[in-house]
Amino acid sequence: MTDRAQSLVEAHFAQAAEGFDHSPISKQLASLLDQVLPLLQLDQKQHWLDFGAGTGVLTVPLAAHVGQVTALDTSASMLAKLSAKNIANITPLQHDIFCGLEQRYAGVISSMALHHVADIPKLLSCLQQSLLENGQLALIDLYSEDGSFHGDNKAKGVQHLGFDPQQLLELAAAAGFKDLSYQQIFSIQHKNGRSYPLFLLLGRA
Ligand SMILES: C[S@@+](CC[C@H](N)C(=O)[O-])C[C@H]1O[C@@H](n2cnc3c(N)ncnc32)[C@H](O)[C@@H]1O
């Protein structure tokens, strides 16, 4: 991602952090993990990474099912909201994944962050390298849309108008992931009156 694109993402989320948990979309996404849980193999010994964790909409419910979650995000403001929730087994980490990670994780989960990252092949390669052998991958994002989900896409640092999950699956395979599959997992009811389906892409390192 160019520095300019990255700074737009950071500026947007610095502003969005305050009301993020109270937005109608975040309230809907609060139940997202219920759909995902039966498809993951979780236990209390595992340490997971939530990529683009934000205020922890997904991190918080995930932390109830695993030993530890590292919540990685570039936005200090979003992570400050998560830190204020004071959950003992969540470690907020303000870090750029493209700079590498010291730890390897049992699983990586991500919700609604991919569309803010320009270089998806490079991101998938970083995620692959962040996982222990056979570690789990669970990526959630929008199916391809016409730009109406965010509206002001450029100002919000949107790099992709959703994804064709089959293409994402092929990129994940090229990055070294195996046992790949995807399915529709959720549908967001937007205030514009439309609904936007989300996919869940699963794989193993
Ligand atoms: C729409 S929010 C989603 C937050 C949370 N996962 C959820 O589902 O509510 C996207 C998050 O991704 C983060 N993000 C965007 N680009 C990122 C990057 N390159 N590295 C880490 N985090 C990033 C943003 O700062 C923001 O907090």
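Above this text sits the structure in question.
Every value quoted in this text rests on a predicted model; they were computed, and no experiment measured them.

*Asks:* A description of the packing of aromatic side chains should follow, citing residues and the corresponding values.
*Replies:* In total, this model carries four aromatic pairs according to the counting rule given. A centroid spacing of 5.6 Å and a plane angle of 85 degrees characterise the contact between Tyr143 and Phe199, whose relative ring orientation is edge-to-face. With a gap of 56 residues between them, Tyr143 in the loop between strand E5 (131–142) and helix H7 (165–174) and Phe199 in strand E7 (residues 195–204) connect regions that are remote in the sequence. With relative accessibility at 22%, the residue Tyr143 sits in the partly exposed group.

*Asks:* Requested: an account of the sheet that holds strand E6 (residues 178–189), with residues and values cited.
*Replies:* Strand order across the open sheet formed by seven strands is E3-E2-E1-E4-E5-E7-E6, with mixed pairing between neighbours. Looking at the sheet topology across the chains shown, the edges are occupied by strand E3 (90–94) and E6. Mean inter-strand twist for the sheet, computed between neighbouring axes without regard to direction, equals 20 degrees. Across five bridges, strand E2 (residues 68–73) lies against E3 in parallel orientation. Across the sheet, Thr70 pairs through a bridge with Thr91, a residue of E3. Each of E2 and E3 is contacted by helix H5 (residues 76–83), which is oriented at about 165 degrees to E3, the strand it contacts most. Lying on the sheet, helix H6 (residues 120–129) is in contact with strand E1 (47–51), strand E4 (105–111) and E5; it crosses E5 at an angle near 140 degrees.

*Asks:* So, the site of the ligand: which residues are in play, and what are the values?
*Replies:* Taken together, 19 residues are adjacent to the ligand, and Gly52, Ala53, Asp73, Ser111 and Met112 come closest. Between the ligand and Ser111, the relevant distance is 2.5 Å, taken from an oxygen atom to a side-chain nitrogen or oxygen of the residue. The protein chains hide 97% of the 590 Å² of surface that the ligand would expose on its own. The pocket occupied by the ligand, as judged from atoms lying within 2 Å of grid points, is the largest pocket. When contributions to the shell around the ligand are tallied by element, the ones reaching two or more residues are helix H1 (3–16) and E2. Among the elements that line the shell around the ligand, the one with the most residues is H1, at three residues. Counted by class, the shell around the ligand contains 11 nonpolar, seven polar and one charged residues.

Criteria and cut-off values
- Residues numbered from 1 in each chain as written.
- Predicted model: local features only at pLDDT ≥ 70, side-chain atom pairs only at ≥ 80, totals over all residues.
- Heavy atoms only, no water.
- Phe/Tyr/Trp six-rings, centres within 6.5 Å; stacked < 30°, edge-to-face > 60°.
- Helix = DSSP H or I, 4+ residues; strand = E, 2+ residues; numbered from the N terminus.
- Buried < 20%, exposed > 50% of the residue type's maximum accessible area, 1.4 Å probe, protein only.
- Pairing = 2+ DSSP bridges.
- Axes fitted to C-alpha atoms, helices over the stretch in contact; angles between N-to-C directions.
- Contact = heavy atoms within 4.5 Å.
- Near = heavy atom within 4 Å.
- Polar contact = N/O pair within 3.5 Å; in protein donor to acceptor, adjacent residues only side chain to side chain.
- Areas by Shrake-Rupley, 256 points an atom, 1.4 Å probe, with all protein chains shown as cover.
- 1 Å grid on protein atoms, 1.4 Å probe; cavity = no way out; pocket = protein on both sides within 12 Å on 5 of 7 lines; lining within 4 Å.
- Sits in = over half its atoms within 2 Å of the grid points.
- Nonpolar A, V, L, I, M, F, W, Y, C, P; charged D, E, K, R; others polar.

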